[in-house]
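# A look at the structure
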Amino acid sequence: MQKKTILRVLTVAMLCGSALLASCGRATTVSGVLRVANDAGFGGAETMDPYDGNRTWPTINMVFDRLIGVDKDFTPIPELALSWSSNDDLSEWTLVLREGVKFHDGSDFTADDVVYSINRMIDPEFDSPVRAVLGVIEAVEAIDDYTVKLSLSTGEADLPSLLADYRALMTPVDSQATIGKKPIGTGPFKMKTFDPEGTTVLVANEDYFFGKPQLSMIEIITFADSQSAAQALAGDQVDLLLSIDGKSSSIFGDTAKFTLQTIPSGDWNAIDFRVDRHPFDDVRVRKALRIAADRQIIADAVLGVGGGVVACDTPVWTADPYRWDGPCAKDTEGAKALLAEAGFPDGIDIEIWTSDVEVHMVELVEAYQQQVKDAGIRVIIKMADASGFWDDVWMKESAFVDSWGQRPAAQVLNEVYRSTAAWNPTGQVDVALDAMLDDARSTQDLAQRKQKYIAIQEHLFENSAIFLPYHKTLTRVMSSKVQGIDPIVIDAVRWEKISVS
Amino acid sequence: MLFTLGAFVSLAVLSFLGIDALPGDGCTALLGRFGTPAKVAECREEHQLTDPVIVRLGNWANDVVHGDLGYSIKRDEQVAQIVLPRIRNTAMLAVVAALMAFPSAIVAGLLIGRYPQSRIGRAINTLGVVAMTLPEFVIATILWLVFSIWIPIFPGVTVVPSNATVVELLPHIWMPALTLAAVVFAHSMRTMKAGVTTIQLMPFVESARLRGTKERVTLLRHILPAALPPVVNTIAVDAAWLLTGTFVTEAVFNYRGLGRLAIDAISDRDTAVILPIVLFGLGVYLTMSLIADMVVRLLDPRLKQHRS
């Protein structure tokens, strides 16, 4: 009998205990703490070194600052640099720095840190991805403690926009060895615990030069699976998902609990054709392949209705001041005529490689295959294993799917389309285009420069070997308790202004 | 013993060669899309990936014998520090799920086998079979909706790091454990039920009843021990699965166990991380079948006599 009583007491105690544990583990919103869900983008290889290819984002933007930021309209605004000016041919820029700014360890931010940071970004040995953006900088020199001079290899009118790249962040002198795991920045939040596969914890930098942050703490919680991140938001375990699949946004329809933001972005997919392979060496074939498809239908099919904005084979995105909008309606007859002229009166058979290495890449070729059938273009879809796609297929097969993130016009055109670019995926050598790019970037007057950039995009529409049907619209979702996040790309979000009530 | 050692060695060799045969290696996985050939070559040099596969296998085996599990290129960390917390997490999850599933399955199987007409018994049987046939992620989603959204008593997904303390981790364990328990419950319950159904018609049960033994005693002393041996084998297989095959449930609940790590490590071509996981899996299956054999031997007096 006694035994039974003990057993019963034990059982009840265990049940109570587990219920208690369950309830104490159920984290709910705490005022002043923002819990951000982050994907495991680099599977454990993440680093806080902003110039490294495996930089963890957007955490780097909470800890560090740029010299120049962007406002809601993507106009350059002062961050660590207060003002900037150039010489007449735009090849030398002088930046005046903000005084009195301190790093998280209490040391002063000065021109030496700028020289150190930029030298790391452009170091050919280290070969940072930022070099693709700021490689035009040849030398950087400190004039005095709060003035730096940048010498460029060519005139670049849009250097301020390029310096606003989300990775062009300022790090303290000689920080290379420690910055990856113990970052010291000037930004609104200081690193407390860095755990890229678990929970990274940041605390407010009370002395931030733009003012004390509204939040006391940010937790960045890693989710290997986007579905479980969405579950966490629905169950009030996180407050913010940076992006969700537009097609699954309906589970957050309750506007009293959640805020959904749709944000035009500069991310794009494309189908690339190698111009060093027949028949893509023929400009008529290339144009036929590009005009035979209805881009709106493709965007709707791949991204969901409202998930993208049509692009007429231009990588310049909608919010960029140099954007060209087309027209580029589907032209089946025109495509047939071009193919016939190029020696394919009975249509053409092509193979396009794709892979599920990233979302949307398989759907894009499938939608394209349907769209171009009427013009006599018969597409055979070839699937590559995700793990070998970037090494063995991309830039190597005759035709393949592509994917790029947002970049300002001056960067994306030079990084992807210029004949000599390391990552020019089509191998297209277009000397005329290179000359137009040089001319545009060294034009001082904004209106003239804009005209030149638009001419470049028209030139691409006639000649390019990249079928680029859309820019993606991102969907961000957060708890309605989160305030202060504007519906703009995350690069322009001011983390110190966010609050959680 | 020799067989066990042989199994471990051949599995290690096969895994090593298998990963090596896949396109790409640890350096292409680390440097990704924009890794230039020069940088990849430099990385391979640094991590001795240019050596022939036999040499690398030999070096790895030598380190392991000396207690060093090696180093992960992708994660820039010692393999032991990556794998051990995950093994602990998976083991905790497996233990909780096993405690939820197996004792209740044995009791339910015994009672349903004895009283097949009972309505509650039939309902439990049907539910168990439905849970067994549904994909894990469906069960997981249903449980999540019920216990995290409608009646919010459990946290929906795990938001603590892999090296969190047991106390921090425990609240997050119930949902994945419940899912896994639901998946395995019906296997042993139905094995038990089938055993009871046949055994209670056997002469020795009949004779016990004719002797006037109480029904409770017949059930516990005569039917239960006779029905248990096949259940023990089912439980052994399921317990091994709980320790090695739970990656879907881990993914749904963001639980940081071995399954998730194994998948990531394979796509990262992270041989040093994959090998201990694969060998752990083999060890689990061998140990479980060993334990099952021993338990069955204890339960079945005929096997004891056989030996003497």
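A few words now on the packing of helix H9 (residues 174-199) of chain B against helix H11 (residues 215-244) of chain B. Residues and elements named next belong to chain B. For the pair H9 and H11, the least separation of the axes is 8 Å and the interaxial angle reads 160 degrees. The angle between the axes of H9 and H11 places the two elements in the roughly antiparallel class. The two elements H9 and H11 cross, and the hand of that crossing is right-handed. Taking contact as the criterion, the partners of Leu-180, Val-183, Val-184, His-187, Ser-188, Thr-191, Met-192, Gly-195, Val-196 and Ile-199 in H9 are, on H11, Ile-223, Leu-224, Ala-226, Ala-227, Leu-228, Pro-230, Val-231, Thr-234, Ile-235, Asp-238, Trp-241 and Leu-242. Residues belonging to the contact of H9 with H11 are distributed by class as follows: 16 nonpolar, 5 polar and 1 charged.

For the structure on display, the rule yields 38 salt bridges over all chains. Between Asp108(A) and Lys102(A) there is a salt bridge, with the nearest N and O atoms lying 2.8 Å from each other. Judged by relative accessible area, Lys102(A) falls into the partly exposed class, the value being 44%. With a closest N to O distance of 3.8 Å, Lys481(A) and Asp236(A) form a salt bridge. Of the two residues, Lys481(A) sits in the loop between strand E17 (466-479) and strand E18 (482-483) while Asp236(A) sits in the loop between helix H6 (226-234) and strand E11 (240-244), which places them 245 residues apart along the sequence. When its relative accessible area of 32% is taken as the criterion, Lys481(A) is described as partly exposed. Residues joined by salt bridges that share partners form a network here, namely Glu197(A), Lys74(B), Arg75(B), Arg86(B) and Asp268(B).

With that settled, consider the state of the cysteines. Applying the stated criterion across every chain, the model contains 2 disulfides over all chains. Between the sulfur of Cys312(A) and that of Cys328(A) lies a disulfide, 2.0 Å long from S to S. Taking the torsion about the S-S bond as the criterion, the Cys312(A) to Cys328(A) disulfide, at about -65 degrees, is left-handed. Of this pair, Cys312(A) sits in the loop between strand E13 (308-310) and helix H9 (332-341) while Cys328(A) sits in the loop between E13 and H9, and the two are 16 residues apart along the sequence. Look at Cys312(A) and you get buried, because its relative accessible area is 3%. With a sulfur-sulfur separation of 2.0 Å, Cys27(B) is cross-linked through a disulfide to Cys43(B). Every disulfide takes its handedness from the sign of the S-S torsion; for Cys27(B) and Cys43(B) that torsion is -80 degrees, giving left-handed. Residue Cys27(B) is located in helix H2 (residues 26-31), and its partner Cys43(B) is located in helix H3 (residues 37-46); the two are separated by 16 residues in the primary sequence.

Moving on, we get to the domain arrangement of chain B. Residue and element names in this part refer to chain B. According to the domain assignment, chain B contains domain 1 (2-78) and domain 2 (79-307). Measuring from the centre of the C-alpha atoms in domain 1 to the corresponding centre in domain 2 gives 34 Å. Across the contact, 25 residues belong to domain 1 and 20 residues belong to domain 2. Taken as a group, Ile-19, Leu-69 and Arg-75 account for 29% of the area that domain 1 buries against domain 2, more than any other trio of residues on that side. Counting the contacts that link domain 1 with domain 2 gives 2 salt bridges. The partner of Arg-75 in a salt bridge is Asp-268, with the nearest N and O atoms 3.8 Å apart. Linking domain 1 with domain 2 are 6 residue pairs in polar contact (both at pLDDT 80 or more). If you list the elements that add at least two residues to the side of domain 1 that touches domain 2, you get helix H1 (2-21), H2, strand E1 (71-72) and strand E2 (77-78). Among the elements that make up the side of domain 1 that touches domain 2, the one with the highest residue count is H1 (9 residues).

Rules and cut-offs
Residue numbering note: each chain is counted from 1, following its sequence as written. Numbering of ligands from 1 and lettering of chains from A proceed in the order in which they are written. Residue-level local features of this predicted model are given only where pLDDT is at least 70; pairs of side-chain atoms are given and counted only at 80 or more, and the full residue set underlies all totals for whole chains, interfaces and linings. Heavy atoms throughout the structure, all of them, feed into the side-chain values; hydrogens and water do not. A fitted line through C-alpha atoms serves as each axis, taken over the contacting stretch for helices, and the angle formed by two N-to-C directions is quoted from 0 to 180°. Segments assigned H or I by DSSP are reported as helices when at least four residues long, segments assigned E as strands when at least two residues long, and all are numbered from the N terminus. Reported orientations rely on four angle classes, namely roughly parallel under 35 degrees, roughly antiparallel over 145, roughly perpendicular from 65 to 115, and oblique for the rest. Note on convention: near helix rotated counterclockwise from far helix by under a right angle means a left-handed crossing. Clockwise means right-handed. Contacts are residue-level and defined by heavy atoms, with any inter-residue pair within 4.5 Å sufficient. Amino acids outside the nonpolar list (Ala, Val, Leu, Ile, Met, Phe, Trp, Tyr, Cys, Pro) and the charged list (Asp, Glu, Lys, Arg) are all regarded as polar, and Gly is one of them. Note on definitions: salt bridges are taken to be side-chain nitrogens of Lys or Arg within 4 Å of carboxyl oxygens of Asp or Glu. Partly exposed describes any residue whose relative accessible area lies between the buried limit of under 20% and the exposed limit of over 50%, with all areas from a 1.4 Å probe on protein chains only and scaled to the type maximum. Any pair of cysteine sulfurs within 2.5 Å is marked as a disulfide. Residue ranges labeled as domains rest on an automatic or database domain assignment. As used here, buried area is the combined drop in accessible area, with a 1.4 Å probe, of two parts when they are placed together. Counting of polar contacts relies on pairs of N or O atoms within 3.5 Å, with two restrictions inside protein: one atom must be capable of donating a hydrogen and the other of accepting it, and residues adjacent in sequence are counted only when both atoms are side-chain atoms.

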